[in-house]
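Spelled out from the first residue to the last, the chains are:
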Amino acid sequence: MTYDSEDVQKILEIALTRKQEGEFSREQLLEMASELGISSDILETTEKKWLTQQEEERSRHTFNTFRRRGFWGHFVSFLAVNLFLILLNLITNPSYFWAIFSVLGWGLGLFFHWWGVYQTKSEDYEIAFQKWRTQI
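Residues numbered from 1 in each chain as written. Predicted model: local features only at pLDDT ≥ 70, side-chain atom pairs only at ≥ 80, totals over all residues. Heavy atoms only, no water.

J.: What's the story with a nonpolar patch on the surface in this structure? I'm lost.
T.: On the surface, a nonpolar cluster with roughly 820 Å² of combined accessible area is contributed by Met1, Tyr3, Val8, Ile11, Leu12, Leu36, Ile38 and Ile42. With 3 residues, the single largest contributor to the nonpolar patch is helix H1 (residues 5-19). On the secondary structure map, Val8 appears in helix H1. The class of Val8 is partly exposed, set by a relative accessible area of 35%. (Patch = residues over 30% accessible without salt bridge, like charges linked within 9 Å, V, L, I, M, F, W, Y side chains within 5 Å. Areas by Shrake-Rupley, 256 points an atom, 1.4 Å probe, with all protein chains shown as cover. Salt bridge = Lys/Arg side-chain N within 4 Å of Asp/Glu carboxyl O. Helix = DSSP H or I, 4+ residues; strand = E, 2+ residues; numbered from the N terminus. Buried < 20%, exposed > 50% of the residue type's maximum accessible area, 1.4 Å probe, protein only.)

Put into structure tokens, the structure is as follows:
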């Protein structure tokens, strides 16, 4: 039976997980790489790349959380103000529903805010993320 590199990687990951639950030291990582014939230079380069990716993921998660909190604050304001306006409209002039203009106008703005926050695969998202990243 033969294995390709992806299969070998998956088998070794499972075996390592079963062998030792918890964390590995850097020395253990170097030892495993040596046993697999991976040079320390390649391991160090790969480790730096992996650490950079992990930091990027943490930053994006923090950024997404920040943006989502802003959206939910906007949503709560939308509900509170528009419920008040609807009640005021129903009390003062139930025959003409003027509060619909506020609901529709602000609702459209809220929709675009939601779209901007939850659409994370666009150029605008990348621009906003890079701008936010330079500010922190």
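J.: Sorry if this is basic, but what is going on with the side chain of Ser59 here?
T.: Checked against the element boundaries, Ser59 lands in helix H3 (residues 40-92). For Ser59, a relative accessible area of 10% translates into the label buried. In this structure, Ser59 is in contact with Phe129, Trp132 and Arg133, ignoring residues within four places of it in sequence. (Contact = heavy atoms within 4.5 Å.)

J.: Can you help me understand helix H5 (residues 123-135) in this one?
T.: Working note: α-helix, 3.6 residues per turn, so residues spaced by three or four point in the same direction. A rise of 1.5 Å per residue sets the reference length of H5, with its 13 residues, at 18 Å; its end C-alpha atoms lie 19 Å apart and thus fit the reference within 8%. Taken together, the buried positions of H5 are occupied by Tyr125, Phe129 and Trp132. An end-on view of H5 places all buried positions within 70 degrees of arc, on one side of the element. Exposed residues pointing more than 90 degrees away from the buried face of H5 are listed as Glu123, Asp124, Ile127, Lys131 and Thr134. Elements in contact with the buried residues of H5: H3. (Expected span 1.5 Å × (residues − 1). Arc of directions from axis to C-beta.)

Function-wise, these values are silent; they only describe arrangement.
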